[in-house]
Amino acid sequence: MNFAEAEKKIKHLRSVIERHNRLYYVFARPEISDREYDRLYAELEALEKLSPALITPDSPTQRVGGEPLREFRQVRHSFPMMSLANTYSRDELVRFHERIQRLLSGEKFSYVLEPKIDGAAIALRYEKGLLQLGSTRGDGITGDDITANLRAIPSIPLRLAGDRTPEIIEFRGEVFMPRRDFLALNRAREEEGLEPFANPRNAAAGSLKLLDAREAGRRPLDAVFYGAGEIAGINLATHEEMLAALKLFGLKTPPKYWKCLSLEEVFRALDELKAMRPDFPFETDGGVLKVNERGLYAALGATAKSPRWAAAFKYEPERAETTLKSITVQVGRTGVLTPVAELEPVFLSGSTINRATLHNAGEIQRKDVRIGDRVFIEKAGEVIPEVVSVNIAARRGHEKTFKMPESCPVCGGEITRRPGEVAHRCENLQCPAQLKRWLRHFAARGAMDIEGLGEALVDQLVDRGMARNPADLYFLKKEQIAGLERMAEKSAANLMTAIEDSKKRDLWRLIFALGIRQVGAKMAQTLETHFTGLDEIMAADRETLEKIPDLGPVAADAIAAFFKMERNISLITRLKEAGVRWKAGSKTKSGPLAGKTFVLTGALAGYSRPEAEELIRRRGGRAASAVSKKTSFVVAGNEPGSKLAQAQKLGIPVLSEEEFRKMLDE
Ligand code: IVH
């Protein structure tokens with residue numbers, strides 16, 4: 001294929017991929033399977049590797065990348081990003097309507113009502129159809145340049161669809177984290193000992209503030225657009241037209257809007273919207289009412305903060321009042337104590353609530369919550385029920401203040417508060433509550449994957465003193481297991497096999513299973529690739545750990561501290577004694593090319609084959625003779641052989657001699 005042919009093919013593939021991307025992420029109407037999509041994508045990647053000069057920033061392969069930033073650049077919005085004061089009453093909407101009628105002195109107009117999306121406000125600027133800038137609202141005048149993070153959101157087009165793209169158009173909308181993904185992300189964070197996000201909006205806003213776009217790209221984010229800032233080269237007479245144009249350009253718009261010709265219609269639409277809220281993937285706390293005719297906006301004007309052509313109507317959050325019967329304390333895997341409100345059951349937004357979180361002792365004090373109080377509960381972000389306040393007027397005098405227990409409610413162990421942390425913790429590592437969660441985590445699917453070792457079994461093992469740490473699992477006898485409740489001969493045998501099988505897991509699974517604070521599956525994998533094995537990880541100090549990319553000081557501290565503890569050192573020794581044989585780490589040497597495998601094909605002008613291989617090895621890399629999925633790079637010299645085709649088939653990056661030389665020099 002010559003250059004012109006390659007260029008044509010690449011352009012064609014890009015537009016096909018962009019179209020399928022749109023169908024999948026924006027319109028939820030895929031036409032091809034994931035596999036077919038992956039194949040198209042791999043083909044484009046391979047062609048671009050062959051002709052790197054043809055790579056452009058809007059290529060679907062270039063979504064995520066770049067070095068992590070130190071801080072975000074500040075950008076001034078071409079038009080201020082205003083906001084709207086919230087209205088809770090229909091009377092205020094009546095006044096809003098009357099004011100518009102007055103200002104327009106009888107001129108005819110209509111409204112559009114849209115869901116108010118509870119996300120993080122952003123602006124996207126496209127010039128000649130290409131995404132040039134993405135920013136946060138900030139103070140409305142200047143915001144953060146978060147282009148790299150926004151590029152990683154798959155429903156945001158890098159290039160606008162259609163061929164009638166305006167010279168300049170800036171869209172405004174909201175980034176959100178779909179409810180379902182939010183719940184999954186929070187579960188994963190709790191597993192990793194990280195603080196869960198309070199609600200989907202915080203999760204979305206927090207993700208946009210990540211300085212590493214690759215990390216942001218791993219967060220499940222989506223975006224909806226409902227407006228425009230600067231526009232040049234296109235005329236949009238009504239808001240409806242704007243929504244239609246947004247859609248044609250390939251952006252996601254609100255899934256439903258209502259065109260209304262009177263206030264009565266607006267009120268009816270508000271009722272319909274309220275009923276539909278649970279069906280939307282994003283949190284909706286109300287509706288935004290807008291004058292449809294954009295030509296009237298100038299006449300309506302704006303106050304210092306808000307335009308007069310729009311109003312935000314918020315539904316009262318659904319809240320219920322009930323009696324707080326008692327406060328119990330739960331102990332998590334890392335020993336954190338969480339106070340939980342035990343409630344007189346009450347119905348709230350579709351379900352019966354018996355318990356709600358009180359977060360921590362500080363929150364209880366701040367809200368002055370007492371046992372026996374009448375309390376108001378709300379679904380925070382419509383997800384997790386929370387005690388928001390106390391009905392002080394209903395106090396009778398017999399209510400009791402709550403004190404965090406001084407010893408662990410499960411084991412009686414000492415409770416402490418670490419500096420800088422709000423949480424109280426049980427420091428007893430043998431605490432049955434901690435131990436149970438630890439064992440469940442150790443045996444979980446993503447960790448050592450011991451099938452059949454569920455909650456009921458773990459409870460019995462701990463309560464009967466049969467397991468005091470994960471290594472004890474490997475010393476259990478079949479007769480012991482068969483003697484437990486609800487354990488037949490057969491299931492005991494199955495469990496023995498599952499435990500035996502788990503002795504040969506990858507190193508990263510073991511690291512993850514150990515339940516080190518801050519160390520999730522992903523970080524465990526990172527650790528595996530940077531060390532030759534567990535012994536080296538155990539010996540690493542904080543400074544060494546901190547140098548590893550993606551591993552911050554907090555995690556480095558947690559890992560170093562974990563392996564300094566006597567009980568953890570002996571745990572590893574016992575695991576070894578039990579015959580647990582994890583594989584070695586994948587790093588064999590240190591150096592800039594550590595962990596990378598190269599395959600050479602064709603003749604290089606500047607090096608002989610043995611010379612090139614030696615240079616790779618001296619930098620910690622590996623030189624292999626055959627291409628496989630594990631190959632990191634194929635270096636293609638003059639007249640490359642079949643290894644090149646193999647690399648393209650597997651989607652492995654191909655380096656020219658020039659690129660190879662640069663890599664060696666780095
Ligand atoms: S139109 C001048 N439409 O809510 C502001 N805003 O309090 C016009 N929002 O700043 C904004 N959904 O961040 C508009 N369908 C929607 C919206 C929406 C959410 C946000 C936006 C705005 C704030 C208004």
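Structure: above.
Note that this is a predicted model, so its numbers are computed, not measured. Residue positions are given per chain, counted from 1 along the sequence in the order it is written. Note on the predicted model: pLDDT of at least 70 is required for a residue's local features to be given, and 80 or more for side-chain atom pairs to be given and counted; whole-chain, interface and lining totals, by contrast, use all residues. Hydrogens are left out, water is left out, and the side-chain values use all remaining heavy atoms of the structure.

Student: How should the overall build of the protein be read in this particular structure?
Tutor: Looking only at helices and strands, the protein features 24 helices and 24 strands. Its C-alpha atoms put the protein at 85 × 85 × 45 Å along the principal axes. Only protein chains enter the area calculation, which uses a 1.4 Å probe; residues under 20% of their type maximum are buried, those over 50% are exposed, and those in between are partly exposed. Counting all 666 residues of the protein, 47% fall into the buried class. Here a residue-residue contact requires only that any non-hydrogen atoms of the pair lie within 4.5 Å. Taking as baseline every contact in the protein between residues at least 6 positions apart, the subset at least 24 positions apart corresponds to 68%. Here the protein displays about 33500 Å² of accessible surface, and carbon together with sulfur accounts for 50% of that area. Note that His is not counted, nor are the chain ends; the positive residues are Lys and Arg, and the negative ones are Asp and Glu. Note that the charge is assigned to NZ on lysines, CZ on arginines, CG on aspartates and CD on glutamates. Mean positive and mean negative side-chain charge positions of the protein (102 and 93 charges, respectively) differ by 1 Å. Helix and strand labels come from DSSP, where a helix needs a run of H or I of at least four residues and a strand needs a run of E of at least two; each type is numbered from the N terminus. Note on areas: Shrake-Rupley, 1.4 Å probe, and residue coverage restricted to the protein chains presented here.

Student: Is there a simple way to explain the nonpolar core in this structure?
Tutor: A general feature of soluble globular proteins is that nonpolar side chains tend to end up buried together. We define a nonpolar core as any set of buried Ala, Val, Leu, Ile, Met, Phe, Trp, Tyr and Cys residues linked to one another through side-chain atoms lying within 4.5 Å. Counting residues in each nonpolar core, the largest one holds 58 residues, and the members touching the most others are I450, Y474, L527, L545, F563 and L575. Put simply, the parts of the chain that give this core at least two residues each are α12 (432–443), α13 (455–463), α15 (489–501), α16 (507–513), α17 (521–530), α18 (534–539), α20 (553–564) and α21 (566–577). Ignoring anything within four residues of it in the chain, the contact list for L527 reads I511, V519, I537, L545, I548, L551 and I559. Formed by 32 residues, the second largest nonpolar core is a distinct cluster that contains F171, F197, A203 and A245.

Student: So what exactly am I meant to see when it comes to the sheet that holds strand β4 (residues 120–127) here?
Tutor: Backbone-to-backbone hydrogen bonds pair the strands of a sheet. The strands run either parallel or antiparallel. Strand order in this open sheet of four strands is β5-β4-β7-β8, and the pairing throughout is antiparallel. Each edge of the sheet is formed by a strand with only one pairing partner; in this case those strands are β5 (130–136) and β8 (222–232). Each adjacent strand pair in this sheet contributes to an overall mean axis angle of 25 degrees, direction not counted. Note on pairing: two strands pair once DSSP finds at least 2 bridges between them. Two elements, β4 and strand β7 (residues 168–176), share eight bridges in a ladder whose sense is antiparallel. Residue pairing across strands places A121 opposite E174, the latter belonging to β7. Interaxial angles span 0 to 180 degrees and are taken between N-to-C directions of axes, which are lines fitted to C-alpha atoms, for helices over the stretch in contact.

Student: Looking at this structure, how should I read the site of the ligand?
Tutor: With respect to spatial proximity, 14 residues lie near the ligand, and among them E114, I117, R137, Y226 and K290 are the closest. Taking E114, its side chain carries an N or O atom lying 2.7 Å from a nitrogen atom of the ligand. Polar contact is the term for a pair of N or O atoms within 3.5 Å; when the atoms are in protein, one must be able to donate a hydrogen and the other to accept it, and sequence-neighboring residues count only if both atoms are side-chain atoms. With respect to the ligand, the backbone of P115 contributes an N or O atom lying 3.1 Å from a nitrogen atom. Burial of the ligand by the protein amounts to 91% of the accessible area it has alone, namely 510 Å². The set of elements that each furnish at least two residues to the shell around the ligand consists of β3 (111–117) and β10 (284–291). Here the shell around the ligand gets four residues from one element, more than from any other, and that element is β3. Only a single heavy atom is needed: when it lies within 4 Å of a molecule or strand, its residue is near that molecule or strand.

Student: I would appreciate a short explanation of helix α9 (residues 263–276) in the present structure.
Tutor: Residue pairs three or four apart in sequence face the same way in an α-helix, which turns once every 3.6 residues. When the terminal C-alpha atoms of α9 are compared, their 20 Å separation across 14 residues agrees well with the 20 Å that a helix rising 1.5 Å per residue should span. Taken together, the buried positions of α9 are L263, V266, F267, A269, L270 and L273. Buried residues of α9, viewed axially, fall in a sector of 160 degrees; they line one side. Seen from the open side of α9, the exposed residues pointing more than 90 degrees away from its buried face are E264, R268 and A275. Contacts from the buried residues of α9 go to α3 (90–103), β3, β9 (258–260), β10 and β11 (310–314). Each helix should span, by expectation, one fewer than its residue count multiplied by 1.5 Å. An arc is given here, and it is the one of the directions from the helix axis to the C-beta atoms.

Student: What's the story with the packing of aromatic side chains in this structure? I'm lost.
Tutor: Any pair of Phe, Tyr and Trp rings, taking the six-membered ring for Trp, is counted once the centres come within 6.5 Å. Such a pair is stacked with planes under 30 degrees apart, edge-to-face with planes over 60 apart, and tilted for the rest. A full pass over the atoms with the stated rule returns 15 aromatic pairs. Note on F109 and Y111: the rings are 5.3 Å apart at their centroids and 85 degrees apart in plane angle, and the pair reads as edge-to-face. The exposure class of Y111 is buried, given its relative accessible area of 1%. Through a chain of ring-to-ring contacts, three or more aromatic side chains come together here, namely F598, Y607, F633 and F660. When the ring centre of F376 is taken as origin, the NZ or CZ atom of R319, which lies over that ring, is 5.3 Å away. Working rule: Lys NZ or Arg CZ, within 6 Å of ring centre, within 35 degrees of ring normal, means a charge sits over the ring.

Student: So what exactly am I meant to see when it comes to the pairing of β3 here?
Tutor: Both faces of the sheet carry side chains from a regular strand, because those side chains alternate between them. Most of β3 is tucked away, with six of its seven residues classed as buried. When β3 meets β10, the two strands line up antiparallel, connected through seven bridges. If you follow K116 over to β10, its bridge partner there is G286.

Student: Explain the sheet that holds β11 here, please?
Tutor: Read across the sheet, five strands follow the order β2-β11-β10-β3-β9 without closing on themselves; strand pairing throughout is mixed. Each having just a single partner strand, β2 (86–87) and β9 make up the two edges of the open sheet. Note: β3 against β9, three bridges, orientation antiparallel. Along β9, the bridge assignment pairs V112 with K259. Across the sheet, helix α8 (residues 239–248) is in contact with β3, β9 and β10; its angle to β3 comes to roughly 50 degrees.

Student: For this particular structure, what's the right way to read the pairing of β10?
Tutor: For β10, a buried count of eight out of eight residues is recorded, marking the element as mostly surrounded by other parts of the structure. As paired strands, β10 and β11 are joined by five bridges and run antiparallel to one another. Bridging from a neighbouring strand, L289 pairs with A311 of β11.

Student: Help me understand the environment of D144, please; the structure alone is not making it clear to me.
Tutor: One can find D144 in strand β6 (residues 142–144). Sequence separation of D144 and E71 is 73 residues, and the distance between their C-alpha atoms is 9.1 Å. Excluding its chain neighbours within four sequence positions, the residues that come into contact with D144 are F72, R73, Q74, V75, G134, S135, T136 and K209.

Student: Just checking my understanding: could you explain the state of the cysteines for this structure?
Tutor: By disulfide we mean two sulfur atoms from cysteines, separated by a distance within 2.5 Å. Enumeration according to the criterion identifies zero disulfides in this entry. Its sulfur unpaired, C408 is 3.6 Å from the next cysteine sulfur, which belongs to C431. Looking at C408, the relative accessible area reads 4%, which means it is buried.

Student: Explain the packing of α20 against α21 to me, please; I cannot follow it from the model alone.
Tutor: Pairs of packed helices are described in terms of their axes, by the angle between the two and the distance that separates them. α21 packs onto α20 with a crossing angle of 70 degrees between their chain directions and a minimal axis gap of 5 Å. Viewed along their axes, α20 and α21 adopt a mutual orientation that is roughly perpendicular. Seen from α20, the contacting residues are F562, F563 and K564; seen from α21, they are E566, N568, I569 and I572. A class-by-class count of the residues in the contact of α20 with α21 yields four nonpolar, one polar and two charged. Angles are sorted into four bins: roughly parallel if under 35 degrees, roughly antiparallel if over 145, roughly perpendicular if 65 to 115, and oblique for all others. Gly counts as polar in this scheme, as do all residues outside two lists: the nonpolar Ala, Val, Leu, Ile, Met, Phe, Trp, Tyr, Cys and Pro, and the charged Asp, Glu, Lys and Arg.

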